[in-house]
Amino acid sequence: MTSAQSASQPPYDAILLLSFGGPEKPEDVMPFLENVTRGRGIPRERLEEVGAHYFQFGGRSPINDQNRALISALEADLAASGVDLPVYWGNRNWEPYLGDTVRQMAADGVRRAVCVTTSAYSSWSSCRQYLDNLDEALAGLPEGSELTIDKVGAYYDHPGFVAPSVDHTVNALDDLPADVRDDARLLFVTHSIPTAMNDESGPEGGRYLAQHLEVAARVAAGVATATGVARQHELVFCSRSGSPRTPWLEPDVNDRIRELSADGVRAVVMVPVGFVSDHMEVVYDLDTEAMATAGELGIEARRAGTAGTDPRFVAALRELVSTSATTRGACRRCPDGCCLPRS
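Just so it is clear, the model here is predicted, and its values are computed rather than measured.

What counts, and at which threshold
Residues numbered from 1 in each chain as written. Predicted model: local features only at pLDDT ≥ 70, side-chain atom pairs only at ≥ 80, totals over all residues. Heavy atoms only, no water. Phe/Tyr/Trp six-rings, centres within 6.5 Å; stacked < 30°, edge-to-face > 60°. Helix = DSSP H or I, 4+ residues; strand = E, 2+ residues; numbered from the N terminus. Buried < 20%, exposed > 50% of the residue type's maximum accessible area, 1.4 Å probe, protein only. Pairing = 2+ DSSP bridges. Right-handed = clockwise from strand over helix to strand, strands pointing away. Axes fitted to C-alpha atoms, helices over the stretch in contact; angles between N-to-C directions. Contact = heavy atoms within 4.5 Å. Parallel < 35°, antiparallel > 145°, perpendicular 65-115°, else oblique. Left-handed = near helix turned anticlockwise from the far one by under 90°. Salt bridge = Lys/Arg side-chain N within 4 Å of Asp/Glu carboxyl O.

Participant: For the packing of aromatic side chains, give the residues involved together with the corresponding values.
Facilitator: The full count for this structure, using the stated rule, is nine aromatic pairs. Ring plane angle 25° and centroid distance 5.9 Å describe the contact between Tyr121 and Tyr156, whose orientation is recorded as stacked. Here Tyr121 is found in the loop between strand S3 (112-117) and helix H6 (124-139), whereas its partner Tyr156 is found in the loop between strand S4 (148-151) and helix H7 (159-174), with 35 residues between them in sequence. Across the pair, exposure class does not vary: Tyr121 and Tyr156 are buried alike. Considering the side-chain rings of Tyr121 and Tyr208, the 6.3 Å spacing of their centres and the 65° angle between planes classify their relative orientation as edge-to-face. Residue Tyr121 is located in the loop between S3 and H6, and its partner Tyr208 is located in helix H10 (residues 207-227); the two are separated by 87 residues in the primary sequence.

This is the structure we're talking about:
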């Protein structure tokens with residue numbers, strides 16, 4: 001490390017980007033879904049139903065390409081900021097698998113790394129499960145390995161995540177016809193989870209829902225400032241799965257669009273604030289399914305962009321890496337009873 005780098009260089013040997021993973025060709029789809037649902041008893045017919053969503057896009061999820069683009073942008077930002085760290089990439093459910101990546105990091109001599117996930121919120125599936133994945137991968141290293149990995153905590157409220165959502169929402173509103181623009185309803189969308197999982201999220205419970213409501217309020221306020229119009233907004237959900245007998249967070253985005261249509265709402269903007277990039281939940285659940293619902297009802301609908309590789313978001317990740325050892329980011333161990341698995 002040079003003297004010019006020392007002021008900004010965090011106390012790590014490497015960065016690990018940890019993500020969900022996704023199929024990259026048609027023959028990957030069913031094995032990928034089997035990985036995702038292993039041990040949950042999901043019927044084969046349900047997997048085939050979900051697999052059909054992927055086949056509409058050539059059997060390729062967008063998430064891996066988005067992660068490659070994010071890594072490239074992060075490497076460029078690090079270099080421009082004088083931070084000399086390699087960026088590794090591992091997935092929970094598909095290649096490159098986390099275990100393989102962690103073994104490569106150890107073989108490369110990495111001793112202390114920091115992990116950034118492609119999930120900004122707190123819950124078992126979006127935070128603690130990744131910690132469990134890291135523990136499992138580290139436990140698989142040869143005896144005597146000195147590799148440790150810190151995990152950056154929830155970053156849903158970082159300005160570098162919030163600001164792009166404000167701008168993308170304003171752009172989506174600008175694309176609406178002028179006669180419905182000011183009355184458009186803002187629908188902030190995230191992945192639904194079982195209500196019991198939300199109840200266990202965070203040390204005090206309920207963090208997953210509370211964090212999304214906080215972000216929705218911040219983005220809506222930013223949009224009101226930018227446009228001079230305070231629009232009604234609400235949080236809705238997508239991608240529910242599992243037994244219909246298990247309560248999940250509601251309302252579903254399609255159900256809510258139907259209700260709004262019955263109430264005379266003529267335009268909506270869907271803001272996928274629960275996702276850092278255009279995952280399958282965005283390009284299918286929103287761009288395909290929810291857009292079709294709105295079209296059938298004659299509602300003008302637009303979808304706001306995600307943070308993706310916005311320079312502000314990339315810089316936010318670098319900042320979280322730089323501060324995770326001492327201040328807001330570190331989340332290597334959750335408190336007892338925090339984000340317990342529920343289904």
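Participant: Explain the pairing of S4 residue by residue, including any values.
Facilitator: Judged from the four bridges that link them, S3 and S4 form a sheet pairing that is parallel. Counted as the bridge partner of Arg112 is Thr148 from S4. Following the chain from S3 across H6 to the adjacent parallel S4, one finds a crossover that is right-handed.

Participant: Outline the sheet that holds S4, listing residues and values.
Facilitator: Strand order in this open sheet of four strands is S2-S1-S3-S4, and the pairing throughout is parallel. Looking along the sheet, the strands with just one partner apiece sit at the ends: strand S2 (87-91) and S4. When the angles between neighbouring strand axes are averaged without regard to direction, this sheet yields 30°. Bridge count between strand S1 (residues 14-19) and S2: five bridges; the pairing is parallel. Bridge assignment links Leu17 to a residue of S2, and that residue is Trp89.

Participant: Mind laying out the side chain of Arg185, listing which residues take part and the relevant values?
Facilitator: By the element assignment, Arg185 lies in strand S5 (residues 185-191). Excluding residues that lie within four positions of it along the chain, Arg185 makes contacts with Gln232, His233, Glu234, Arg256, Leu260, Val265, Ala267, Val268 and Val269.

Participant: Please set out the packing of helix H2 (residues 29-37) against helix H3 (residues 44-55) residue by residue, giving values where relevant.
Facilitator: Two elements in contact, H2 and H3, have axes whose closest approach is 10 Å; the angle formed by their N-to-C orientations is 125°. Judged by the inter-axis angle, H2 sits oblique to H3. The handedness of the crossing between H2 and H3 is right-handed. Contact residues: H2 offers Val29, Met30, Phe32, Leu33, Glu34 and Thr37, while H3 offers Arg44, Leu47, Glu48, Val50, Gly51, Tyr54 and Phe55.

Participant: Let's hear about the sheet that holds strand S6 (residues 233-238): which residues, and what values?
Facilitator: Reading across the sheet, the four strands line up as S6-S5-S7-S8 and stay open at both edges, with parallel pairing between neighbours. Each end of this open sheet is capped by a strand with a single partner; those strands are S6 and strand S8 (300-303). On average, each strand axis in the sheet is inclined to that of its neighbour by 30°, with strand direction left out of account. Alignment of S5 against S6, held across six bridges, turns out to be parallel. Bridge assignment links Leu186 to a residue of S6, and that residue is His233. Against the sheet, H7 touches S5, strand S7 (267-271) and S8, its axis set at about 155° to S7. Each of S5, S6, S7 and S8 touches helix H12 (residues 280-297); the most contacted strand, S8, lies at about 175° to it.

Participant: Quick one: what's the story with the pairing of S1, residue by residue and with numbers?
Facilitator: Every other side chain in a regular strand lies on the same face of the sheet, so the side chains alternate between the two faces. Counting buried residues in S1 gives six out of six residues, a clear majority hidden from the surface. Every second residue of S1 is oriented toward a common face, with Ala14, Leu16 and Leu18 on one face and Ile15, Leu17 and Ser19 on the other, all of them buried. Both S1 and S3 contribute to a ladder of five bridges, which runs parallel. Across the sheet, the residue bridging to Ala14 is Ala113, located in S3.

Participant: Summarise the pattern of salt bridges; cite the residues concerned and give the values.
Facilitator: In this structure the tally under the stated criterion is 26 salt bridges. In this structure, Glu24 engages Arg68 in a salt bridge whose closest nitrogen and oxygen atoms are separated by 2.8 Å. Taken together, the positions of Glu24 in the loop between S1 and H2 and Arg68 in helix H4 (residues 63-80) put the pair 44 residues apart, joining distant regions of the chain. Across the pair Arg258 and Asp255 runs a salt bridge, and its minimum N-O distance is 3.1 Å. On the criterion of helical spacing, the pair formed by Arg258 and Asp255 is a turn pair, its members being three residues apart in helix H11 (residues 253-262). Asp255 sits in the partly exposed class, given a relative accessible area of 39%. Among the charged side chains, a network of salt bridges with common partners joins Glu24, Arg60, Asp65 and Arg68.

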